[in-house]
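Observations on the model geometry
Here is what each chain is made of, one letter per residue.
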Amino acid sequence: MSERTLQAAHTDLLTAIVAALDVPLPSLVAADERLYHRLLERRVSDLRVVLAVMLSGRRDPWPAASAIRQRTAEEPVTYTPFEFAWDGEDR
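Criteria and cut-off values
Just so you know, the residues in each chain are numbered from 1, in the order the chain's sequence is written. It should be noted that, the model being predicted, local features are given only for residues of pLDDT at least 70 and side-chain atom pairs only at 80 or more, the latter also being counted only at that level, while totals for whole chains, interfaces and linings use all residues. To obtain the side-chain values, all non-hydrogen atoms of the structure were included, while hydrogens and water were left out. In this text, helices come from DSSP runs of H or I with a minimum length of four residues, and strands from runs of E with a minimum of two, each type numbered from the N-terminal end. Our radius of gyration is a C-alpha quantity, and the globule rule it is checked against amounts to 2.2 Å times the number of residues to the power 0.38. Exposed residues in this analysis have more than 50% of their type's maximum accessible area, buried residues have under 20%, and partly exposed residues fall in between, with area computed by a 1.4 Å probe over protein chains only. Whether two residues are in contact is decided by their heavy atoms, any of which lying within 4.5 Å being enough. Neither His nor the chain termini are counted; the positive set is Lys and Arg, and the negative set is Asp and Glu. In this description, the location of a charge corresponds to atom NZ of lysine, CZ of arginine, CG of aspartate or CD of glutamate. As used in this record, nonpolar core signifies buried Ala, Val, Leu, Ile, Met, Phe, Trp, Tyr and Cys residues forming a set joined through side-chain atoms within 4.5 Å. A carboxyl oxygen of Asp or Glu within 4 Å of a side-chain nitrogen of Lys or Arg is what we treat as a salt bridge.

Turning next to the overall build of the protein. From N to C terminus, the protein includes three helices and zero strands. If you list the helices and strands of the protein from N to C, you get α-α-α. On C-alpha atoms alone, the protein measures out to a radius of gyration of 17 Å, which is more than a quarter above the 12 Å that the 2.2 N^0.38 rule sets for 91 residues. In terms of overall dimensions, the protein has C-alpha extents of about 50 × 25 × 15 Å along its principal axes. Per-residue burial over the protein gives 27% buried out of 91 residues. For the protein, contacts bridging at least 24 residues in sequence account for 71% of all contacts bridging at least 6. Of the charged side chains in the protein, 11 are positive and 14 negative, and the gap between their average positions amounts to 9 Å.

Rendered as structure tokens:
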């Protein structure tokens, strides 16, 4: 793999990681906050597994990025996101 291709692969991997962890804040409802924390826990757990496998021998970042995207798609946001009010009041 060329240096340029390797850099692109690592950029793709980091982009997938950021996307997996970029979830909207929950509404102030307790149930939404619990769902938010559970979602983050699952996604972080998935990331740890994929990265551990990558570090244990499969050094190619492309499959890892693909696996992260697939697992992220399987764990969508199911809670109501927090809405910022433009008048300064939180909703």
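Before going further, it helps to examine the environment of D22. Among the secondary structure elements, D22 is positioned in the loop between α1 (3-21) and α2 (30-55). The class for D22 is exposed, based on a relative accessible area of 60%.

Here we take up the nonpolar core. Counting residues in each nonpolar core, the largest one holds ten residues, listed as L13, A16, I17, A20, L47, V50, M54, A64, A65 and I68. Contributing elements (two or more residues each) for this core: α1, α2 and α3 (61-74). At four residues, the largest contribution of residues to this core is made by α1. Apart from the residues lying within four places of it in its own chain, the contact partners of A65 are D12, L13 and A16.

Let us look at the pattern of salt bridges. One pass over the full model with this rule turns up three salt bridges. The residue D12 makes a salt bridge to R69 at a minimum N-O spacing of 2.8 Å. Here D12 is found in helix α1, whereas its partner R69 is found in helix α3, with 57 residues between them in sequence. A salt bridge links D46 to R71; the shortest N-O distance between them is 3.4 Å. Taken together, the residues span a long stretch of sequence, with D46 in helix α2 and R71 in helix α3 at a distance of 25 residues.

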